[in-house]
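Residue-level structure breakdown
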Amino acid sequence: MPRNLDLTALRSFVAVADTGGVTKAAGLLHLTQSAVSMQLKRLEESLDAPLLDRTGRGIALTAQGEQLLSYARRMLVLNDEIYGRLTSNAYEGEVTLGVPHDIIYPVIPQVLRRFAAAYPRMRVHLSSSFTSTLLDEYRRGAIDMILTTEDSVGQDGETLTAIPLVWLGAPGGQIWKERPLRLAYEHRCIFRGFVQRQLDAAGIAWEIAVESHSSRTIEATVSADLAVHTMLAGAEPRHFERIAHGGALPDLRDFNVNLYHAATDNPVIRDLAGFIRDGFYTLQAPAMA
């Protein structure tokens, strides 16, 4: 007699694997911790295999759990795609989402994948620009939803997480030791003024070595060890390296990642916002150990 896997339990299992623990997974799934734990227990019993190693301080996947994870992800994607295609035909059109280029990865591709499965007839127009530009477009009604990186948060926004700003230079670069400190920034980069004020407060002379509308120009300059730059941690390109300055440069603080969208009962906007919240909630979860 064939046996069937419980998709709800599989979803809890994947959430635990993604977030690193039952508590975070429960928050992501809007369930109690006991409900998630019970689903995991039933899943292990149905497969007659341990999926989670609970002997350490944290939770880790067993060999069987790692094998199941790949299958579980594919099953859930297929489930969501089928459900979306058969139940969401009433929603057609386009929604515009604006995101600063430095926080597109790793969350937004996952969000777009979930949205496409839930609303296969909807298209997402992704606009990547600077926070100041996105705020202008949002306030003019030219864009439906935006993410921003800001010092604080506007009255109609919500803060999803805070990410530290870090100093970046070329791998093995030495330009950060020179004075005046050479900076490279895009014209409308929101971090530019903040960094300049921090340098002034620390009594460190600086100069703008390169300014451009193009992020590629900034990347080429910094990777050539001709200037330094700052970005949110985790957003830096592979050809950048965090500067271990040992206190020679000012410490930089966290910046908010904020979400703005018009107050609406439209389920498309509501669900897209929910997928984004889930993505950044998962991003905050500690690594499984």
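Preceding block: the structure.
Scope of this entry: the structure provided in the associated data block. (Residues numbered from 1 in each chain as written. Predicted model: local features only at pLDDT ≥ 70, side-chain atom pairs only at ≥ 80, totals over all residues. Heavy atoms only, no water.)

1. Here's the deal with helix H6 (residues 131-139)
Put simply, the rule is: For every residue, the accessible area (1.4 Å probe, protein chains only) is compared with the maximum for its type, and the residue is labelled buried under 20%, exposed over 50%, or partly exposed between those bounds. The numbering of helices and of strands both runs from the N terminus, where a helix is a DSSP run of H or I of at least 4 residues and a strand a run of E of at least 2. The contact rule is simple, with two residues in contact once any of their heavy atoms fall within 4.5 Å.
All buried positions along H6 are accounted for by Thr131, Thr133, Leu134, Leu135 and Tyr138. Elements in contact with the buried residues of H6: strand E3 (93-99), strand E4 (122-128), strand E5 (145-150) and strand E11 (254-261). Trailing H6 by a residue or two, Gly141 shows a phi angle of about 80 degrees, which is positive.

2. Some thoughts on the layout of surface pockets
The condition is simple: Of the two site types, the cavity is a set of points on a 1 Å grid over the protein atoms alone where a 1.4 Å probe fits but cannot get out, and the pocket is an open set with protein on both sides within 12 Å along at least five of seven lines, each lined by residues with an atom within 4 Å of a point. Grid points are joined across faces, edges and corners, and a volume is the space filled by probe spheres set on the points. Polar here means any residue outside two lists: the nonpolar Ala, Val, Leu, Ile, Met, Phe, Trp, Tyr, Cys and Pro, and the charged Asp, Glu, Lys and Arg; Gly therefore counts as polar.
In this structure, the largest pocket encloses a volume near 1200 Å³. Lining the largest pocket are 33 residues; nearest its centre among them are Arg11, Asp80, Arg114, Phe275 and Asp278. For the lining of the largest pocket, the leading source of residues is helix H9 (residues 267-284), giving 8 residues. Considering only residue class, the lining of the largest pocket consists of 16 nonpolar, 8 polar and 9 charged. There is about 410 Å³ of room inside the second largest pocket.

3. Some words on the packing of helix H1 (residues 7-19) against helix H2 (residues 22-29)
We count it as follows: Lines fitted to C-alpha atoms define the axes, with helix axes restricted to the stretch in contact, and inter-axis angles between N-to-C directions lie between 0 and 180 degrees. Roughly parallel covers angles under 35 degrees, roughly antiparallel covers those over 145, roughly perpendicular covers 65 to 115, and oblique covers all other angles. Less than a right angle of anticlockwise turn of the near helix away from the far helix marks a crossing as left-handed, whereas a clockwise turn marks it as right-handed.
Interhelical geometry of H1 versus H2 gives an angle of 120 degrees and a closest axis separation of 8 Å. One way to sum up the angle between H1 and H2 is to call them oblique. Here H1 and H2 pass one another in a crossing that is right-handed. On H2, the residues touching Arg11, Ser12, Ala15, Val16 and Thr19 of H1 are Val22, Lys24, Ala25, Leu28 and Leu29. For the contact of H1 with H2, the class distribution of residues is 6 nonpolar, 2 polar and 2 charged.

4. A word on helix H5 (residues 107-118)
This is how it is decided: Take the number of residues in a helix, subtract one, and multiply by 1.5 Å to get its expected span.
Between its terminal C-alpha atoms H5 stretches 17 Å, which fits the 16 Å expected from 12 residues at 1.5 Å a residue. Listed in full, the buried residues belonging to H5 are Val107, Ile108, Val111, Phe115, Ala117 and Ala118.

5. Re unusual backbone geometry
Residues other than glycine predominantly adopt negative phi, and peptide bonds predominantly adopt the trans conformation. Looking along the chain, the bond that leaves Tyr105 and enters Pro106 is cis, with omega of 5 degrees. Relative to the helices and strands, Pro106 resides in the loop between E3 and H5. A cis geometry characterises the amide bond from Arg179 onward to Pro180, with omega recorded as 0 degrees. Looking at where Pro180 falls in the secondary structure, it is placed in the loop between strand E6 (157-169) and strand E7 (181-186). Although it is not a glycine, Asp48 adopts a positive phi angle of roughly 50 degrees. Here Asp48 lies in the loop between helix H3 (33-47) and strand E1 (52-53). According to the relative accessible area criterion, Asp48 is exposed, its value standing at 69%. Here Asp225, not a glycine, exhibits a phi torsion of approximately 60 degrees, which is positive. Relative to the assigned elements, Asp225 resides in the loop between helix H8 (215-223) and strand E9 (229-232). Overall, Asp225 belongs to the partly exposed group, its relative accessible area being 24%.

6. Notes on the side chain of Glu219
Tracing the chain through its elements places Glu219 in helix H8. Take Glu219: its relative accessible area is 17%, and that puts it in the buried class. Beyond its immediate stretch of four places on either side in the chain, Glu219 contacts Pro237, His239 and Phe240.

7. Quick word on the packing of aromatic side chains
Let me state the cut-off plainly: Stacked, tilted and edge-to-face are the three classes assigned to paired rings of Phe, Tyr and Trp, where Trp is represented by its six-membered ring and a pair needs centres within 6.5 Å; plane angles under 30 degrees give stacked, over 60 edge-to-face, the rest tilted.
The full count for this structure, using the stated rule, is 4 aromatic pairs. When the ring of Phe191 is compared with that of Phe255, the centres are 4.9 Å apart and the planes differ by 75 degrees; the resulting orientation is edge-to-face. Placement of the pair is Phe191 in helix H7 (residues 191-201) and Phe255 in strand E11, with a sequence separation of 64 residues. For the pair shown, Phe191 and Phe255 are each scored as buried. Seen in terms of ring centroids, Phe194 and Phe255 are 5.2 Å apart; in terms of plane orientation they differ by 80 degrees. Their pairing is edge-to-face. Taken together, the residues Phe194 in helix H7 and Phe255 in strand E11 connect sequence positions 61 residues apart. Phe255 sits in the buried class, given a relative accessible area of 1%.

8. Here's the deal with the packing of H2 against H3
Interaxial distance between H2 and H3 falls to 8 Å at its minimum, and their mutual angle equals 105 degrees. Accordingly, the angle class assigned to the pair H2 and H3 is roughly perpendicular. Counting all contacts with H2, which are made through Val22, Thr23, Ala26 and Leu29, the residues of H3 involved are Gln33, Val36, Ser37 and Leu40. Taken together, the residues of the contact of H2 with H3 break down into 5 nonpolar, 3 polar and no charged.

9. Let's talk about the pattern of salt bridges
Condition: Definition used for salt bridges: Asp or Glu carboxyl oxygen within 4 Å of a side-chain nitrogen of Lys or Arg.
Applying the stated rule across the entire model yields 13 salt bridges. Residue Asp278 pairs with Arg114 through a salt bridge whose shortest N-O separation is 3.2 Å. Of the two residues, Asp278 is situated in helix H9 and Arg114 in helix H5; the sequence distance between them amounts to 164 residues. The partner of Arg270 in a salt bridge is Asp271, and the shortest N-O contact between them spans 3.7 Å. For Arg270, a relative accessible area of 47% gives the class partly exposed.

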